[in-house]
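Below, each chain spelled out in residue letters.
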Amino acid sequence: MKLVKALLAKMPLPQAYAHCDVPCGIYDSKASQTSAATVKKMVEKMIALEKPESGDQMAMLNYKNTITRCILVKEEHARICKEELLILWTDFFKPEHLEKYPNLHDIFWKAAKLCSRNKQEVSIQAAESLVSAVDEIANMVHAIQENL
């Protein structure tokens, strides 16, 4: 540790400034849109899946297996969607974007809450609301990127 401190004292590192964790400049809303669409598709599949008669053990196992897989995919994509939205919210958007989109924070907050709601329940209305919210954010991202 003393050696590192001594080296840093003799060769101080310059301070770096960046807008995100890795200043790559690559921001895309497609991942959040794909995840929101996947959440909606899983909800549709679960709603459409017919429960077999209780006497058919193999059919019931297959039903439970399919429902479980749909739930796992829905959960994972709701998580991915929220993560991608938070990256856009915290790294891509800047204070000057609030002038053009004064409700930006509210839109993101509601979209993140919709990700959680879609994990908590099976609701086509919640899934459609998530898709709409993510599409609204994607439109803002694209409008800003076109003006760069």
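Residues numbered from 1 in each chain as written. Predicted model: local features only at pLDDT ≥ 70, side-chain atom pairs only at ≥ 80, totals over all residues. Heavy atoms only, no water.

Quick look at the overall build of the protein now. Helix and strand counts for the protein stand at six helices and zero strands. Written out in order from the N terminus, the α and β elements of the protein read α-α-α-α-α-α. In the protein, the share of contacts with a sequence separation of at least 24, taken over all contacts with a separation of at least 6, comes to 71%. Carbon together with sulfur atoms contributes 57% to the accessible area of the protein, which is approximately 10,000 Å² in total. (Helix = DSSP H or I, 4+ residues; strand = E, 2+ residues; numbered from the N terminus. Contact = heavy atoms within 4.5 Å. Areas by Shrake-Rupley, 256 points an atom, 1.4 Å probe, with all protein chains shown as cover.)

What follows deals with the packing of aromatic side chains. Applying the stated rule across the entire model yields four aromatic pairs. When the centroid spacing of 5.4 Å and the interplanar angle of 10 degrees are considered together, the rings of Trp-89 and Phe-108 count as stacked. One end of the pair, Trp-89, is in helix α3 (residues 57-92); the other, Phe-108, is in helix α5 (residues 104-120), with 19 residues separating them in the sequence. Classification of Phe-108 as buried rests on a relative accessible area of 1%. On the numbers, 5.0 Å between centres and 85 degrees between planes, the contact of Phe-92 with Phe-93 is edge-to-face. For the pair shown, Phe-92 and Phe-93 are each scored as buried. (Phe/Tyr/Trp six-rings, centres within 6.5 Å; stacked < 30°, edge-to-face > 60°. Buried < 20%, exposed > 50% of the residue type's maximum accessible area, 1.4 Å probe, protein only.)

Turning to the packing of α3 against α5, a few remarks are in order. The packing of two helices is summarised by the inter-axis angle and the distance between the axes. At a minimum axis distance of 8 Å, the contact between α3 and α5 shows a crossing angle of 165 degrees. On the basis of their axis angle, the class for α3 and α5 is roughly antiparallel. Crossing hand, α3 versus α5: left-handed. Along the contact surface, α3 presents Lys-74, Glu-75, Ala-78, Arg-79, Cys-81, Lys-82, Leu-85, Leu-88 and Trp-89, while α5 presents Leu-104, His-105, Phe-108, Trp-109, Ala-111, Ala-112, Cys-115, Ser-116, Asn-118 and Lys-119. Among the residues making up the contact of α3 with α5, the classes are represented as 11 nonpolar, three polar and five charged. (Axes fitted to C-alpha atoms, helices over the stretch in contact; angles between N-to-C directions. Parallel < 35°, antiparallel > 145°, perpendicular 65-115°, else oblique. Left-handed = near helix turned anticlockwise from the far one by under 90°. Nonpolar A, V, L, I, M, F, W, Y, C, P; charged D, E, K, R; others polar.)

Let us look at the environment of Glu-44. The topology assignment puts Glu-44 in helix α2 (residues 30-48). Overall, the relative accessible area of 30% leaves Glu-44 in the partly exposed class. Glu-44 sits 26 residues away from Cys-70 along the chain, and the two C-alpha atoms are 9.8 Å apart.

Counting 26 residues, the largest nonpolar core has Leu-85, Leu-88, Phe-93, Phe-108, Leu-130 and Ile-137 as the members making the most contacts within it. Of all elements in the fold, only α2, α3, α5 and α6 (124-146) reach the threshold of two or more residues within this core. Counting residues per element, this core draws most heavily on α6, at nine residues. Listed in part, the six residues of the second largest apolar core include Met-60, Tyr-63, Ile-67 and Cys-70. (Core = buried A, V, L, I, M, F, W, Y, C linked by side-chain atoms within 4.5 Å.)

Attention now moves to the side chain of Ser-32. Within the fold, Ser-32 resides in helix α2. Of the residues examined, Ser-32 reaches a relative accessible area of 1% and is grouped as buried. Within polar-contact distance, the side chain of Ser-32 engages the backbone oxygen of Ser-29 at 2.8 Å. (Polar contact = N/O pair within 3.5 Å; in protein donor to acceptor, adjacent residues only side chain to side chain.)

Mapped onto the elements of the fold, Val-39 is located in helix α2. Sequence-wise, Val-39 and Ile-71 are 32 residues apart; in three dimensions their C-alpha atoms are separated by 9.1 Å. Residues within four places of Val-39 in sequence aside, it is in contact with Lys-74, His-77, Ala-78, Asn-118, Ala-127 and Leu-130.

It is worth spelling out the confidence of the model for the protein at this point. The predicted model of the protein has a mean per-residue pLDDT of 90, with 86% of residues at 70 or higher. Here residues 15-19 scores under 50 on pLDDT; set against residues more than four positions off or in separate chains, the count is five contacts. (pLDDT = per-residue confidence, 0-100.)

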